Amino acid sequence: MFDSTADPATVRARYDRATAQLDAPLALVDLAAFDANADDLLRRAGGKPVRVASKSVRCRALLERVLAKDGFSGVMSYTLAESLWLARSGITDVLLAYPSADRAGYAELAGDPKLAAAVTVMVDDPAQLALIDAARDGGGERIRVCIELDTSLRLLGGRIHIGSRRSPLHSPAELADLARAVQRRPGFQLVGVMAYEGHVAGVGDAVAGAPVLSRGIRLMQSAARRELAGRRAAAVRAVRAVAPDLEFVNGGGTGSVQHTAAEEAVTEIAAGSGLYVPRLFDNYTSFTGRPAALFAMPVVRRPGVGVVTVLGGGYPASGAAGPDRLPEPWLPTGLRYAPQEGPGEVQTPLLGRPADDLLIGDKVWFRHAKAGELCERFDTLHLVEGDRVTASVPTYRGEGMTFL
């Protein structure tokens, strides 16, 4: 859920005042909301460090802001190129959350002691170790490795599969086998285990207008948490028997922080979307956040009564296609998409009574469905404090970095 106590008209007026001298399209981050969301993540983590997921932020200035808070520690990155870039910029603890086939990146990593000390790569298959070795190009630095446990809930002998299809390693024995393969191979150091429960952390359990579905999701997630807690603990014990000096066990996500943090086997929590609180994170009973990241599109046409047209706006989020992947026209409240058009590539008609009060050049404020993907559309984030823009900082895109 998001904090809906603030009067929407007041919020809109504040953002309009802050950006009065800026032309839309533009994107902003409300720093008071961002910081409050960060504090809430720390509260729910119950003292365990929170590793910030960079894919949900995609702005170095805001990564540095949140890492400056006591309780946040390290970055979870999404490509090897990004990992190396962040490490070169001074971030000393970067966990790459996904396996890579970037041979040039591995050669750079293996040839630079500073990078090799800062970056941990993800593997779930011995073939990935072989690819890294083949890419070393003479670099002899030891590569830090994390191995990933598949967290999906499997029922009826595997005929029902709930959760992301990520690692092929589902059982503690399979994870321990890969741990032994890493330990036996020269040039690698096993330092971590990751187990991301996306079907709990990334699926809202309070879907608006769908009480039966929401109840079903809550029952599924309760069963998944119980099953995973036992299996994750057994997997960590099995890996620690092979690698007693394991440095971290990473789990969680914005929607499951407090549940995952309660597991003794988990040493750190990953979270990122909870900093911006995009619209997909309105549907959770486990936390209440404040929308912090928004974008504005200008009104450029008034086709008729109850209709305005804004420039652009067709920024769907990744995932299975559906209405929940579309940005939400948020302020002024009461606007909706034309059902035959939706958000368009170059223009978007919006319907509703508030349209008649909008003038050419006025801003309509939107919330993206997901978090960091917003930054792939904008070069700059304008940081708002109160009713002023106090800084304008580049996104990854604004720094010329488009990693995917």
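Residues numbered from 1 in each chain as written. Predicted model: local features only at pLDDT ≥ 70, side-chain atom pairs only at ≥ 80, totals over all residues. Heavy atoms only, no water.

Per an unreviewed UniProt entry, the protein is named Amino acid deaminase/aldolase, and its organism is Streptomyces smyrnaeus.

S.K.: Give me the lowdown on the packing of helix 4 (residues 80–88) against helix 5 (residues 103–110), citing residues and values where you can.
M.R.: With their axes 9 Å apart at the nearest point, helix 4 and helix 5 run at an angle of 35 degrees to one another. When the axes of helix 4 and helix 5 are compared, the crossing they make is left-handed. Across the interface between the two elements, Leu80, Leu84 and Arg88 of helix 4 pack against Gly105, Tyr106, Glu108 and Leu109 of helix 5. (Axes fitted to C-alpha atoms, helices over the stretch in contact; angles between N-to-C directions. Helix = DSSP H or I, 4+ residues; strand = E, 2+ residues; numbered from the N terminus. Left-handed = near helix turned anticlockwise from the far one by under 90°. Contact = heavy atoms within 4.5 Å.)

S.K.: Please give an account of the pattern of salt bridges that cites residues and values.
M.R.: Inspection of every chain in the model, using the stated rule, returns 25 salt bridges. The shortest N-O distance in the salt bridge between aspartate 30 and arginine 14 comes to 2.8 Å. Residue aspartate 30 is found in strand 1 (residues 26–30), and its partner arginine 14 is found in helix 1 (residues 8–18); the two are separated by 16 residues along the sequence. Ionic pairing is found between aspartate 40 and arginine 43, a salt bridge with its closest N-O pair at 2.6 Å. Here arginine 43 and aspartate 40 lie together in helix 2 (residues 31–45), a separation of three residues that amounts to about one turn. A relative accessible area of 57% means that arginine 43 is categorised as exposed. Sharing partners across several salt bridges, the network here consists of Asp40, Arg43 and Arg44. (Salt bridge = Lys/Arg side-chain N within 4 Å of Asp/Glu carboxyl O. Buried < 20%, exposed > 50% of the residue type's maximum accessible area, 1.4 Å probe, protein only.)

S.K.: Let's hear about the state of the cysteines: which residues, and what values?
M.R.: For the structure on display, the rule yields zero disulfides. Not engaged in a disulfide, the cysteine cysteine 375 finds its nearest cysteine sulfur in cysteine 59; these two sulfurs lie 6.3 Å apart. (Disulfide = S-S within 2.5 Å.)

S.K.: Kindly report on the side chain of arginine 136, identifying the contributing residues and their values.
M.R.: For arginine 136, the location among the structural elements is in the loop between helix 7 (126–135) and strand 6 (143–148). A polar atom in the side chain of arginine 136 sits 2.7 Å from the side chain of aspartate 133. When sequence neighbours within four positions are dropped, the list of residues in contact with arginine 136 reads Ala107, Ala110, Glu141, Ile143, Gly187 and Phe188. (Polar contact = N/O pair within 3.5 Å; in protein donor to acceptor, adjacent residues only side chain to side chain.)

S.K.: So what about the pairing of strand 19 (residues 388–394)? Which residues, and what values?
M.R.: Both strand 18 (residues 380–385) and strand 19 contribute to a ladder of six bridges, which runs antiparallel. Bridge pairing links histidine 382 to serine 392 in strand 19. Once strand 18 ends, the chain turns through two residues before running back antiparallel as strand 19, passing glycine 386 with a positive phi of about 65 degrees. (Pairing = 2+ DSSP bridges.)

S.K.: How would you explain the sheet that holds strand 11 (residues 268–271) if you had to name every residue and give the values?
M.R.: What holds strands together in a sheet is hydrogen bonding between their backbones, with the strands either parallel or antiparallel. Taken together, the eight strands give a closed barrel; going around it, the order is 2-3-4-5-6-9-10-11, and neighbouring strands pair in parallel fashion. Between one strand axis and the next, the sheet turns by 30 degrees as a mean value, whatever way the strands run. In this sheet, strand 11 lies alongside strand 10 (residues 248–251) in parallel orientation, the contact comprising two bridges. From the neighbouring strand, glycine 251 faces strand 11, where its bridge partner is isoleucine 269.

S.K.: Please give an account of the environment of proline 303 that cites residues and values.
M.R.: As for its placement among the helices and strands, proline 303 is situated in strand 12 (residues 293–304). Remark: the alpha-carbon pair of proline 303 and proline 349, spanning 46 residues in sequence, is separated by 8.6 Å. Apart from the residues within four sequence positions on either side, proline 303 is in contact with Val308 and Thr309.

S.K.: Help me get a handle on the packing of helix 2 against helix 3 (residues 60–67), residues and values and all.
M.R.: Running from N to C, helix 2 and helix 3 point in directions that differ by 45 degrees, and their axes come no closer than 11 Å. In terms of their interaxial angle, helix 2 and helix 3 are classed as oblique. When the axes of helix 2 and helix 3 are compared, the crossing they make is right-handed. Within the contact between the two elements, helix 2 uses Leu31, Phe34, Asp35 and Ala38 and helix 3 uses Leu62, Arg65 and Val66. (Parallel < 35°, antiparallel > 145°, perpendicular 65-115°, else oblique.)

S.K.: Account for the nonpolar core, with residues named and values stated.
M.R.: Grouped together as the largest cluster of nonpolar side chains are 92 residues, with contacts concentrated most on Leu62, Val145, Ile147, Tyr276 and Leu381. Ranked by residue count, the leading element in this core is helix 2, at seven residues. Filtering out sequence-adjacent residues up to four positions away, leucine 62 remains in contact with Val29, Leu31, Phe34, Val57, Tyr276, Leu381 and Leu383. Ranked by size, the runner-up nonpolar core spans 12 residues in total, among them Leu28, Trp330, Leu331 and Val384. (Core = buried A, V, L, I, M, F, W, Y, C linked by side-chain atoms within 4.5 Å.)

S.K.: Quick rundown of the pairing of strand 13 (residues 307–311)? Include the residues and the values.
M.R.: When you tally the buried positions in strand 13, you get four out of five residues, the bulk of the element. Strand direction decides the pairing type here: strand 12 and strand 13, joined by three bridges, are antiparallel. Within strand 13, the residue paired with glycine 304 across the bridge is valine 307. Between strand 12 and strand 13, which pair antiparallel one after the other, the connecting turn spans two residues, and glycine 306 there sits at a positive phi close to 75 degrees.

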